Amino acid sequence: MKSALIDRVCSAFDGFYGRLPTVLVQAPGRVNLIGEHTDYNDGFVLPCAINFHTLVGACPRSDRRVRVLAVDYGNALDEFGLDDPIVQRADSPWANYVRGMVKKLREQGFGLSGVDIAIAGNVPIGAGLSSSASLEVAVGQLFKTLCGLDTLSPTELALTAQRAENQFVGCQCGIMDQLIAARGEEGQALLIDCRSLEARSVPMPQGVAVMIVHSRIQRGLVESEYNQRRHQCETAARHFGVNALRDVTLDRMQVHAKGLDPVTMRRALHVVTENQRTLDAAEALATHDLLRMGQLMAQSHVSMRDDFEITVPAIDALVELLQSAIGSQGGARMTGGGFGGCVVALLPATEVSRVRALVQTHYRSPEGHLAHVYACHPSAGAGRVDEIRAI
Ligand code: GLA
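Residues numbered from 1 in each chain as written. Predicted model: local features only at pLDDT ≥ 70, side-chain atom pairs only at ≥ 80, totals over all residues. Heavy atoms only, no water.

1. Thoughts on the domain arrangement of the protein chain
A common way to report how large an interface is uses the accessible area buried once the components associate. Splitting the protein chain by domain gives domain 1 (3–204) and domain 2 (208–376). Residue-level contacts link 38 residues of domain 1 with 45 residues of domain 2. Buried surface at the junction of domain 1 and domain 2, both sides included, amounts to about 3300 Å², of which 64% is carbon and sulfur. Together, Ile34, Glu36 and His37 form the three largest contributors to the area buried by domain 1 at its contact with domain 2, with a combined 20%. A salt bridge links Glu36 to Arg333; the shortest N-O distance between them is 2.7 Å. At the boundary of domain 1 with domain 2, the tally comes to 18 residue pairs in polar contact (both at pLDDT 80 or more). Breaking the side of domain 1 that touches domain 2 down by element, the ones donating at least two residues are strand E1 (23–32), strand E2 (44–45), strand E3 (47–60), strand E7 (188–193) and strand E8 (199–203). (Domains from an automatic or database assignment. Contact = heavy atoms within 4.5 Å. Buried area = accessible area lost by both parts, 1.4 Å probe. Salt bridge = Lys/Arg side-chain N within 4 Å of Asp/Glu carboxyl O. Polar contact = N/O pair within 3.5 Å; in protein donor to acceptor, adjacent residues only side chain to side chain. Helix = DSSP H or I, 4+ residues; strand = E, 2+ residues; numbered from the N terminus.)

Given below as structure tokens:
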């Protein structure tokens, strides 16, 4: 945990509430190595939590009020009562992640108590690194810690956060982002079965770096395109007579292709092939086969570009640049929901500065921006932070 972030939360808390927080909790952002748009098809994903966090500092109150200071939004304040109806705030979208979590915890019957909160984070916002899931999970972790919600397991916490996002914030996301924010493990990627929610840790091989390159391309239309893709996947599953595309094989798809329009067929093809690639990638990573891993990442990108159609030309060019710079020593692909955002690359740690320099020389976004490059390592999921700084 970066000490600058702890200092920022502690000093903002002190400045506003006149004392230091007594509890600090964190939840990380995430990057998905492979398995895109498979989570809401009951499929497989292979993300890792990253060393960028949302940090929440808090002190219990003796009444039933919740006060929330958003340090990254110019110390904007939200306040509500635990016994009042919890409604959305159109004027400050950030507040809805907090309100949604509290509302969903309350609906599940958890006993919550009043609290003063300050929140700050260093997960890049709007980059596709799940800053919102990180915020939801951090808020859930805070109430779990503060109110002793021992029955709220990390998986239940993630499901509650997903409900908050689906039913309160209004985004129909799958479970991947919240689950990895809650259950991430230091040094490990997690192969998650999004149907059973079982996860198997896959160690990141020694000396391999996880590089995230933010294209600086504004992610336009993400929500409407995302919902449309979800809808197309559901249509395809119905056509093939299964609950979710997880249950279709390529053979069955070919036999029953008749009657399904070609676009919906391509969407299904992406999901079905991506599920298999994700299982194969977990194997490749576990056996340190970076050549195979790179091939699977390349195929995943092509499938997102041609079949699922969620990439944009500048991202395709950035991926090609990274792939040729990395060669057979790793791989690169777009990561996250699509239409801009970030590319993830796996490469030898010793190559990071060379590849970073190449990206800075040869890549510009359509608006002329340099990429932001982050060298990350797989990190632990949400939890308590022990250090509280005296200012
Ligand atoms: C977003 C969603 C996830 C997942 C990815 C695509 O990040 O929040 O649930 O569907 O897109 O893999």
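2. Describing the packing of helix H10 (residues 313–326) against helix H11 (residues 352–362)
Geometrically, a packed helix pair is captured by the angle between its two axes and the distance between the axes. Across the interface, H10 lies against H11 with an axial gap of 10 Å and an inter-helix angle of 145°. The way H10 lies across H11 gives a crossing that is right-handed. Together, Leu318, Leu321, Leu322, Ala325 and Ile326 of H10 and Arg354, Val355, Leu358, Val359 and His362 of H11 make up the contact between the two elements. (Axes fitted to C-alpha atoms, helices over the stretch in contact; angles between N-to-C directions. Left-handed = near helix turned anticlockwise from the far one by under 90°.)

3. Examining the nonpolar core
Counting residues in each nonpolar core, the largest one holds 51 residues, and the members touching the most others are Ile117 and Phe143. If sequence neighbours within four positions are ignored, Phe143 has contacts with Val66, Val102, Leu105, Leu112, Ser113, Val115, Gly148 and Leu149. Core analysis: the second largest hydrophobic core is formed by 44 residues, Ile310, Ala332, Ala345 and Val359 among them. (Core = buried A, V, L, I, M, F, W, Y, C linked by side-chain atoms within 4.5 Å. Buried < 20%, exposed > 50% of the residue type's maximum accessible area, 1.4 Å probe, protein only.)

4. A closer look at the packing of aromatic side chains
Enumeration over the complete set of coordinates arrives at five aromatic pairs. On the numbers, 5.4 Å between centres and 65° between planes, the contact of Tyr40 with Tyr226 is edge-to-face. In this pair, Tyr40 is assigned in the loop between E1 and E2 and Tyr226 in helix H6 (residues 222–240), connecting sequence segments 186 residues apart. Taken individually, Tyr40 and Tyr226 each receive the classification buried, so the pair is uniform in this respect. (Phe/Tyr/Trp six-rings, centres within 6.5 Å; stacked < 30°, edge-to-face > 60°.)

5. Focus on the sheet that holds strand E5 (residues 76–81)
Taken in spatial order, the six strands line up as E5-E4-E6-E3-E1-E13 in an open sheet, and their pairing is mixed. Every other strand in the sheet has two partners, leaving E5 and strand E13 (383–385) as the edge strands with one partner each. Looking at each pair of strands side by side, their axes are set apart by 30° on average, direction ignored. One ladder, built from seven bridges, connects E3 with strand E6 (residues 115–121); its direction is antiparallel. Bridge assignment links Cys59 to a residue of E6, and that residue is Asp116. (Pairing = 2+ DSSP bridges.)

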